[in-house]
Amino acid sequence: MLDREKSRLITQVTGDAPMGRLMREYWIPVARGEQLKAGAAPMRLTILGDKLVAFRSPSGEVGVMDEACPHRGASMALARNEPNGLRCIYHGWKIGADGLLRDAPTHPEHLPLERLKTRSHPVREQQGMVWTWLGKGAAPAFRELAFTGLPDDQVITATAVVKCNWLRPMETLWDVFHSQMLHHDTNRKIPFRGDNYFSNEGRKTDTGLMYDYPEMLVERTPYGFDLVNSDARKKTSGHFVLPFIQFHTIGPDPLEDKALKISVPIDDDTTLLWSVVFNRHGPLKETGFGLTNLGRCADRNDLFNNLKRGAARSADTRWNQDREAMERGDSFSGYEEAHPTLTLLAEDNYVLESQGEYDRSQEQLGPVDRALVEGRRVLLDALKAHEANGEAVGRGVDIPGVEARYILNEEEAAAG
Ligand code: FES
Ligand SMILES: [Fe+2]
C-alpha cells in the first residue's frame, strides 16, 4: 500500500503537480507521425493537461505548439496550414514549425517579430514517433534507447487512449504476476509464448487452474530499476526507464521482436499508451510479433478502435465482458479478441480502467508485488531529487543495449 498523499504525488501530473514538472524534464512522444498529413488541419493534443496542436507543414516539417494563439488565444486547430507555418484565422498571426513568428498583421510593419512571444515546442520525429519537449529553457540531448537508432522498418508503433491514470499501465507491467491469471489463456495462445510460459507443474487454484508462483527480484539502475521474475519455467526481465517507459518481454527467442510501453499522461485520468515493437537484428518479419499483431490492426492510432465495441466500453457493460465465454470455459477473463495482442490490450486496460481512483492506501500486497513497491519508490526518489537540485534522474543515460530478456530455465541449465 501507499498512503494517499504519496499516491497523489506520483500519479497527479496536471497544473503545477511535482510529477508533471518532473515529466517536463524529458522528451515525450506525443503523436504518431502518420497522424499528421502534410498541409492538413492541425491535430489537437492534450499532454500533461496542456492543450497543444501538432501539424505537418505542406513541405513535411512537423511542429507542436500551444493550442491557444499567442496573440489572443484563438484555437490554432482552426489555423490555415500554409507554407512556412500555421496562420491563425482570427487576425492572421503566422508561426513556423520552428516556433518563430513569421507575420503579425496586427502590428506595425517594421516591428522586429522576435519581440512578440510565441509558445511552440521543439520536435523530433523518428521511427514514426513525434517527440516533443515541454520543459523550460533549452531542450536536453535526446536519450538513446534500444529502438531510437534503428531504421523505420525495424520498428512498429501503436497508441491507445486508456481511461486511467498514467501510472496504472506501468504498475501492471511491474506486477508481472497478473499475467499468470488475467492472461492465463492468452499466454497459451501467443505463438511466441505458448508452452514456454507455464511449467504445468506449479500451484493450482481450487478450481484446478495451474500457475507458477514466482520470486521477484529488483535492482536500482541509473535510469530507474530492473526487475527479474523467476518461476518454475523461466526468468523474465523488465526495465523501467524514468519517467514512463517500461521494456517487457514477448517470448524466449532472442532474435524475435522486443517490446516496450510508454505511458504518456494526457491528463490525470487519461493516458496515451504507446506500444513499441522493435528488432535490433534486422527488418521486422511478416511472421514476427510486431507485424502479426500490431501490424494487423487497422487503426494503430487508438488500438481500442480495433476491439469489439472497444471505444464504447464502460463499467455499465463490464467493459464488454463475455460472461458466456467464461462459463463455457473458453476464456478466463471474458475478453477474447481477434488476436492475442488485442486480447492483452482488452484484458489489461479494462482491468486498469476498472481500478478507478488514484488512492492506493487500501491495497494488500504480497511478495510478488516487490517490483510494484520498488517502482513507486523510484518515482518518489526521483521527485525528491528533482525538488532538491533540479535533477532529472536518468535523463542523460543512453541505454541502447537495454531490452527485456526471457530465458527458459532449461536453456539456462544447458548453458551451465
Ligand atoms: S488570436 Fe490569433 S491572430 Fe489574433
Ligand atoms: Fe498484462
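This structure is a prediction, so every number in the text was calculated from the model and none was measured.

By the element assignment, Thr 11 lies in helix α1 (residues 4–11). Among the polar contacts listed, one links the side chain of Thr 11 to the side chain of Gln 12, at a separation of 2.9 Å. Residue contacts for Thr 11: discarding those within four places in its chain leaves Asn 165, Trp 166, Leu 167, Asp 268, Tyr 358 and Arg 360.

By the assigned domains, the chain splits into domain 1 (35–132) and domain 2 (152–414). Here the C-alpha centre of domain 2 lies 35 Å away from the C-alpha centre of domain 1. Taken together, the contact pairs nine residues of domain 1 with 11 residues of domain 2. Of the roughly 840 Å² buried where domain 1 meets domain 2, counting both sides, 69% is carbon and sulfur surface. Area buried by domain 1 at its contact with domain 2 is led by Gln 35, Gln 127 and Met 129, which between them contribute 50% of it. Here domain 1 is connected to domain 2 by zero salt bridges.

In the contact formed by α1 and helix α9 (residues 370–389), the axes pass within 10 Å of each other and the chain directions differ by 75 degrees. In terms of their interaxial angle, α1 and α9 are classed as roughly perpendicular. Judged by residue contacts, Lys 6, Leu 9 and Ile 10 of α1 engage Arg 376, Leu 379, Leu 380 and Leu 383 from α9.

This part takes up the coordination of the iron ion (ligand 2). Only His 178 (NE2), His 183 (NE2), Asp 348 (OD) and Asp 348 (OD) from the protein reach the iron ion (ligand 2) as donors, at distances of 2.0 to 2.5 Å. Taken together, the four donor atoms coordinating the iron ion (ligand 2) span angles of 57 to 149 degrees at the metal, a pattern that classifies the geometry as irregular. Within one chain, the residues serving as donors to the iron ion (ligand 2) are arranged as H-x4-H-x164-D. For the pair His 178 and His 183, a shared accessibility class is recorded, and that class is buried.

Evaluated as defined, the whole model comprises 13 aromatic pairs. Taken together, a centroid distance of 6.2 Å and an interplanar angle of 40 degrees make the contact between Phe 147 and Phe 278 tilted. Residue Phe 147 is located in the loop between β11 (129–132) and β12 (155–162), and its partner Phe 278 is located in strand β20 (residues 270–278); the two are separated by 131 residues in the primary sequence. On the accessibility criterion, Phe 278 (0% relative accessible area) is buried. When the ring of Phe 304 is compared with that of Tyr 350, the centres are 6.0 Å apart and the planes differ by 20 degrees; the resulting orientation is stacked. Here the residue Phe 304 occupies a position in the loop between α6 (289–292) and α7 (323–328), and Tyr 350 occupies one in helix α8 (residues 340–355), the gap between them amounting to 46 residues. Residue Tyr 350 is classed as buried on the basis of its relative accessible area of 2%. In this structure an aromatic cluster arises from ring pairing among Trp 27, Trp 131 and Phe 142. Over the ring of Tyr 197 we find Lys 234, and its NZ or CZ is 3.9 Å from the ring centre. Geometry around Phe 304 places Arg 313 over its ring, the cationic atom sitting 3.7 Å from the centre.

Turning to unusual backbone geometry, a few remarks are in order. A cis amide bond, omega 0 degrees, links Leu 242 with the succeeding residue Pro 243. Within the secondary structure, Pro 243 sits in the loop between β17 (234–241) and β18 (245–248). Phi at Leu 48 takes a positive value of approximately 55 degrees, unusual for a residue other than glycine. One can find Leu 48 in the loop between β2 (43–47) and β3 (50–56). The class for Leu 48 is buried, based on a relative accessible area of 1%. Despite not being glycine, Arg 318 shows a phi value in the positive range, around 50 degrees. Relative to the helices and strands, Arg 318 is located in the loop between α6 and α7.

Definitions and cut-offs
Residues numbered from 1 in each chain as written. Chains lettered and ligands numbered in written order. Predicted model: local features only at pLDDT ≥ 70, side-chain atom pairs only at ≥ 80, totals over all residues. Heavy atoms only, no water. Helix = DSSP H or I, 4+ residues; strand = E, 2+ residues; numbered from the N terminus. Polar contact = N/O pair within 3.5 Å; in protein donor to acceptor, adjacent residues only side chain to side chain. Contact = heavy atoms within 4.5 Å. Domains from an automatic or database assignment. Buried area = accessible area lost by both parts, 1.4 Å probe. Salt bridge = Lys/Arg side-chain N within 4 Å of Asp/Glu carboxyl O. Axes fitted to C-alpha atoms, helices over the stretch in contact; angles between N-to-C directions. Parallel < 35°, antiparallel > 145°, perpendicular 65-115°, else oblique. Donors = N, O, S within 2.8 Å, 3.2 Å for Na, K, Ca; no water. Tetrahedral: all angles 85-135°; square planar, octahedral: opposite > 155°, others 65-115°. Buried < 20%, exposed > 50% of the residue type's maximum accessible area, 1.4 Å probe, protein only. Phe/Tyr/Trp six-rings, centres within 6.5 Å; stacked < 30°, edge-to-face > 60°. Lys NZ or Arg CZ within 6 Å of the ring centre and 35° of its normal.

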